[in-house]
There are 2 protein chains.
Amino acid sequence: MATSCFAARLAKQVPLSDAEKTALARLEENPRKVKRGAMVQRVNDTVTELFVLREGRMMSFVIMPDGSRQILRVYFPGDFIGSASTIYSRAPESLIALTDAIICPFDKHALRRLLDESPRVAALLFLLSNAERVAMTDRLASLGRTSAKARVASFLLDMFDRIRVTDDAITDSFDLRLTQEEIGDSIGLTSVHVNRMIRQMEEEGLISRSNGRITLRDIARLEEIGHYTNRQKDMDLDWLPVG
Amino acid sequence: MATSCFAARLAKQVPLSDAEKTALARLEENPRKVKRGAMVQRVNDTVTELFVLREGRMMSFVIMPDGSRQILRVYFPGDFIGSASTIYSRAPESLIALTDAIICPFDKHALRRLLDESPRVAALLFLLSNAERVAMTDRLASLGRTSAKARVASFLLDMFDRIRVTDDAITDSFDLRLTQEEIGDSIGLTSVHVNRMIRQMEEEGLISRSNGRITLRDIARLEEIGHYTNRQKDMDLDWLPVG
DNA sequence: CGCTTTTTTGAAGTCGGTCAAGTTCCGTGG
DNA sequence: CCACGGAACTTGACCGACTTCAAAAAAGCG
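About the thresholds
- Residues numbered from 1 in each chain as written.
- Chains lettered and ligands numbered in written order.
- Predicted model: local features only at pLDDT ≥ 70, side-chain atom pairs only at ≥ 80, totals over all residues.
- Heavy atoms only, no water.
- Contact = heavy atoms within 4.5 Å.
- Buried area = accessible area lost by both parts, 1.4 Å probe.
- Salt bridge = Lys/Arg side-chain N within 4 Å of Asp/Glu carboxyl O.
- Polar contact = N/O pair within 3.5 Å; in protein donor to acceptor, adjacent residues only side chain to side chain.
- Helix = DSSP H or I, 4+ residues; strand = E, 2+ residues; numbered from the N terminus.
- Nonpolar A, V, L, I, M, F, W, Y, C, P; charged D, E, K, R; others polar.
- Buried < 20%, exposed > 50% of the residue type's maximum accessible area, 1.4 Å probe, protein only.

Here we look at the interface of chain A and chain B
Of the residues lining the interface, 59 residues belong to chain A; the matching set on chain B comes to 59 residues. Together chain A and chain B conceal approximately 5700 Å² of surface at their shared face, both sides included; 65% is due to carbon and sulfur atoms. Considering only the side of chain A, the residues that lose the most area to chain B are Arg133, Arg145 and Trp239 of chain A, jointly responsible for 16% of the buried surface there. Viewed at the interface, chain B and chain A are joined by 8 salt bridges. For Arg133 of chain B, the salt bridge is made with Glu132 of chain A, and the minimal N-O distance between the two is 3.7 Å. Where chain A touches chain B, the interface holds 27 residue pairs in polar contact (both at pLDDT 80 or more). Listed by contribution, the elements that provide at least two residues to the side of chain A that touches chain B are β5 (69-75), α3 (108-117), α4 (119-145) and α6 (180-187) of chain A. In terms of residue count, the dominant contributor to the side of chain A that touches chain B is α4 of chain A (20 residues). In terms of residue class, the side of chain A that touches chain B is made up of 31 nonpolar, 14 polar and 14 charged.

Some thoughts on the pattern of salt bridges
Residues and elements named next belong to chain A. Under the criterion given, the structure shown has 38 salt bridges over all chains. In this structure, Arg26 engages Glu117 in a salt bridge whose closest nitrogen and oxygen atoms are separated by 2.9 Å. On the criterion of sequence distance, the pair formed by Arg26 in the loop between α2 (18-25) and β1 (32-34) and Glu117 in helix α3 is long-range, its members being 91 residues apart. You can call Arg26 partly exposed: its relative accessible area is 38%. Of the charged contacts, one joins Arg231 and Asp138 as a salt bridge, the two residues approaching to 2.9 Å between their closest N and O atoms. With Arg231 in the segment after α8 (219-226) and Asp138 in helix α4, this residue pair connects regions lying 93 residues apart in the sequence. Overall, Asp138 belongs to the partly exposed group, its relative accessible area being 28%.

As structure tokens, this is what we get:
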């Protein structure tokens, strides 16, 4: 049985039964390629689909009335995308591919079947959703109460840790694959100021860059500057019903 | 059978079977009074409990290293509090009572039992959690990409709509029960600037105030200024498995 | 190799912060 | 019921972090 991308991700948190893996694999039966820059979902579109991102990177965002953009989330392989459509009939956010990507769309009725058949998976999804909520509150505190430099630092660390979840080979450097404008739109700054902060952090020896690749040279101090905490560490899912 | 506070809230979204109501009621078997200002949970505390807020108001927040505070969420009766402890063994945020309140703590093992017995309730919790996530992204966009005035406007509208969920009597005015400093700590401003904005909105006839009570005088324009959308409206839960 | 996109840099402007000093509100106890 | 004291609100002057505008340099791409 081919383990699905999403199941592989979940299995890192908690052991899954074969039946559960099979059920999860069914969500990924219809892989679809999307080109870099392709708009997968537009705000206010009627939506009934969710996605598992199998390959590449995507992001969700909204455009404000003055034309400025707020990037809400960057997605990596194994991420579960578009859970908002489980409750809303219209998309609250747009969805675009940052790189060429492979997504696996599935209907919310397929999700319903999964929830029916696999209560434990339902519980897991609930937990993952709570983890997202916590990540969101971290960003909220970052936007609301920290300086530009702190935001850039914690943003880089967050990307770093997210990429590392699926790629064990990474130790201190990674491909961000985001323009400085996109970074700014994620953390509520202008690209100009993002540039100044990155440049400053480079001069201070906190990070270094070469053709799009970022190396974190002093993670401890970056964490301090960004008031960042990696939450992966003290996850505790032992209390879950056993499969 | 006494319908629980939380069940009543859920039942507004989707019909619940008696069995489900009973199961939910068990979460509220141990009501506990807390005084205004009481700290119910402190950041980094070991946590195993969740809460249903039955009466009063509470809030969650974090304190940044420089002493500033970011309020993450204000809770109203019927809200489900502390879902972070379903995944993290240490509290990522503090929890304090804004008014005298009644909370119903329950252990995460009680939640586990509920998820086991009632897959449909598990699904509902998953959906509610997704709704929270969307509300969070709205705030993120507000903090990241809108002016001080817009943030105050959308904050007031958000409180208004949340209070209205449980109190049908409300048409255009409500008790905020938050100081201007608390408002500022919610939306990333200083109390001084919150005051300036509120005052300005009062002069423009957008709102009015009398002994702590806020009246929204021009909701349409407030929504425009705050780039606010009430998401309650286009919720769609019809596709859920039937009880 | 030419064209677009992205990064970099500088100068000037502004929104919201900081500081500080009233003023009003409100709960408490006499 | 009033006096007192602390918390919350209000106001003004000044400041600075980040934005805006603009333009050049560098990098990526077909």
